[in-house]
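Structural description and commentary
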Amino acid sequence: MKETEFSCSRDGLIIRGTEYRSERYVAQQNSPIAIICHGFGGNQYDLLFYVKEFADMGYSVYCFDFCGGCVVGKSDGSSLDMTIDTEAADLKAVLDYAKGLSYTDEKHILLAGGSQGGYVAGIVAAERRDEIEKLILFYPALCIPDAARTGTLGGASYDINHVPEVIDTFGVRISKKFHDGVVDKDAISQISGYRGPVLLIHGSEDMIVSSSYAVQAAEAYENCRLQILEGAGHGFTQEQREKVIVSVREFLT
């Protein structure tokens, strides 16, 4: 596997990530693009398990740190400035970067994401639907707007009538801007504008994001393959990931 660090920018902030290409395809021109988005507080290495699979299928794969979206990350930015909208802007910047490379094929683009990164990938796929060929969502955090409406973003507990300027969640400090940016949103409506094929995989025992959100999303999409993974939580074990890879391969081929 050939690994190359890359960077691009958004609103004066540097987004840093890594490109992965299989040695088998490193000389390939018109390489399809796969961009993978990590979840809340995570980083570009969280979903590495899937990188090899995409690369082995000929994709040039791009993983990156959201600005302000990581407990430990390489991109610029503060968590207090991070919102769903800023993460969507980060993803669009990486998308434009990957499309602009001399050896990639902008007609074949896959977006993938887990948890909050899945929500963000879903939004960007809908907003730039003509550019995205396929979409894979792992336990997408479509509960985020509802959590804001109940004052429980990221497991926090706050008064929605007096939202604090700083909200402590899962060890990540976010700001009122995050809350304000999602409290009036409908996640299902935001993502449902995408018309291409979708693979949506969610654990039946996910205690952070109910699988009911995945069911709603699958019903809203025109072309969605939904897999409820029995016994899985918010994130998959090694054994469960092996099952997921089978589904991913079938979906992409």
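Before reading further, recall that the structure is shown in the block above.
The structure contained in this document is the topic of the report that follows.

What counts as what
- Residues numbered from 1 in each chain as written.
- Predicted model: local features only at pLDDT ≥ 70, side-chain atom pairs only at ≥ 80, totals over all residues.
- Heavy atoms only, no water.
- Helix = DSSP H or I, 4+ residues; strand = E, 2+ residues; numbered from the N terminus.
- Rg over C-alpha atoms; globule rule 2.2 N^0.38 Å.
- Areas by Shrake-Rupley, 256 points an atom, 1.4 Å probe, with all protein chains shown as cover.
- Lys, Arg positive; Asp, Glu negative; His and termini not counted.
- Charge placed at Lys NZ, Arg CZ, Asp CG, Glu CD.
- Pairing = 2+ DSSP bridges.
- Axes fitted to C-alpha atoms, helices over the stretch in contact; angles between N-to-C directions.
- Contact = heavy atoms within 4.5 Å.
- 1 Å grid on protein atoms, 1.4 Å probe; cavity = no way out; pocket = protein on both sides within 12 Å on 5 of 7 lines; lining within 4 Å.
- Points joined across faces, edges and corners; volume = space filled by probe spheres on them.
- Nonpolar A, V, L, I, M, F, W, Y, C, P; charged D, E, K, R; others polar.

Quick notes on the overall build of the chain
When its secondary structure is counted, the chain shows eight helices and 10 strands. What you see for the chain is a C-alpha radius of gyration of 17 Å, in line with the 18 Å of a compact globule of 253 residues. Carbon and sulfur atoms make up 46% of the accessible area of the chain, which amounts to about 10800 Å² in all. The centroid of the 23 positive side-chain charges in the chain is displaced by 4 Å from the centroid of its 36 negative side-chain charges.

Overview of the sheet that holds strand β10 (residues 224-229)
Reading across the sheet, the eight strands line up as β1-β2-β4-β3-β5-β6-β9-β10 and stay open at both edges, with mixed pairing between neighbours. Of all strands in the sheet, those with a lone pairing partner are β1 (2-10) and β10, marking the two edges. Each strand axis lies, on average, 20° off the axis of its neighbour in the sheet, ignoring direction. Here six bridges tie strand β3 (residues 31-37) to strand β5 (residues 104-114), and the two strands are oriented parallel to one another. Paired with I35 across the strands is L111, a residue of β5. Here helix α2 (residues 84-99) sits on the sheet in contact with β1, β2 (13-21), β3, β4 (60-64) and β5, set at roughly 125° to β1.

Remarks on the layout of surface pockets
The computed volume of the largest pocket comes to approximately 540 Å³. If you list the elements that add at least two residues to the lining of the largest pocket, you get α4 (144-149) and β8 (172-175). Split by residue class, the lining of the largest pocket holds 16 nonpolar, 11 polar and one charged.

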